[in-house]
Amino acid sequence: FFSPKAPVRLPQRCQPRANMSAMLEPLVDKVVQVITNDGRNIVGLLKGFDQTTNVILDECHERVFSTTAGVEQVMLGLYIVRGDNIALVGEVDEEIDAEIDLAMLKAEPLKAVVH
């Protein structure tokens, strides 16, 4: 039974993009990893974002994975990633990340996100 006076709450996955921006606020000035819809893996210091979830990363690099060689790190410097191209943003544990020998790590590159 639906009552027009009862508040309608959308599941978290259906909330407006503005909530995604609010979730990024605690990550400002922290090292984050951004996975893009085309499968790129970008790590950098989150300097800012806007209401459309465009993010600004400083001192960042792209990690390029390969099954035949270790992870190549391509320096990007100051970088902007468009919000509509972001699949995932997560905080990097810098202590654990520093212990990983990326030169010895071999893996399949991520495939693009299919909608």
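For the structure, check the block above.
Residues numbered from 1 in each chain as written. Predicted model: local features only at pLDDT ≥ 70, side-chain atom pairs only at ≥ 80, totals over all residues. Heavy atoms only, no water.

### Focus on a nonpolar patch on the surface
No. 1: Taken together, I56, L78 and I80 make up a surface patch of nonpolar side chains, about 300 Å² in accessible area.
No. 2: If you trace the backbone, I80 turns up in strand 4 (residues 72–81).
No. 3: What makes I80 exposed here is its relative accessible area of 61%. (Patch = residues over 30% accessible without salt bridge, like charges linked within 9 Å, V, L, I, M, F, W, Y side chains within 5 Å. Areas by Shrake-Rupley, 256 points an atom, 1.4 Å probe, with all protein chains shown as cover. Salt bridge = Lys/Arg side-chain N within 4 Å of Asp/Glu carboxyl O. Helix = DSSP H or I, 4+ residues; strand = E, 2+ residues; numbered from the N terminus. Buried < 20%, exposed > 50% of the residue type's maximum accessible area, 1.4 Å probe, protein only.)

### Here we look at a negative patch on the surface
No. 1: A grouping of E91, D93, E94, E95 and E99 is seen on the molecular surface, where their side chains present a negatively charged patch.
No. 2: Relative to the helices and strands, E95 resides in helix 2 (residues 94–99).
No. 3: Look at E95 and you get exposed, because its relative accessible area is 66%. (Lys, Arg positive; Asp, Glu negative; His and termini not counted. Charge placed at Lys NZ, Arg CZ, Asp CG, Glu CD.)

### Focus on the nonpolar core
No. 1: Counting 11 residues, the largest nonpolar core is built from L24, L27, V32, V34, I42, L46, V55, L57, C60, V81 and I86.
No. 2: Within the residue set of this core, elements represented by two or more residues are strand 1 (31–36), strand 2 (41–49) and strand 3 (55–64).
No. 3: In terms of residues, this core owes the most to one element, strand 3, which gives three residues.
No. 4: V55 has contacts with L24, L46, G48, F49, Y79, I80, V81 and I86, leaving out every residue within four places of it along the chain. (Core = buried A, V, L, I, M, F, W, Y, C linked by side-chain atoms within 4.5 Å. Contact = heavy atoms within 4.5 Å.)

### Quick notes on the side chain of S66
No. 1: Among the secondary structure elements, S66 is positioned in the loop between strand 3 and strand 4.
No. 2: At 3.1 Å, the side chain of S66 and the backbone nitrogen of T68 are in polar contact.
No. 3: If near-sequence neighbours (up to four positions away) are discounted, S66 is found in contact with K106 and A107. (Polar contact = N/O pair within 3.5 Å; in protein donor to acceptor, adjacent residues only side chain to side chain.)

### Here we look at the sheet that holds strand 4
No. 1: The strand order across the open sheet formed by five strands is 4-3-2-1-5, and the pairing between neighbours is antiparallel. A single partner strand is all that each edge strand has here, and the edge strands are strand 4 and strand 5 (86–91). When strand polarity is set aside, the average angle formed by the axes of neighbouring strands in this sheet is 25°.
No. 2: Judged from the five bridges that link them, strand 1 and strand 2 form a sheet pairing that is antiparallel. Looking at strand 2, one finds that I35 is bridged to N41. (Pairing = 2+ DSSP bridges. Axes fitted to C-alpha atoms, helices over the stretch in contact; angles between N-to-C directions.)

Just geometry here; none of it tells us what the structure is for.
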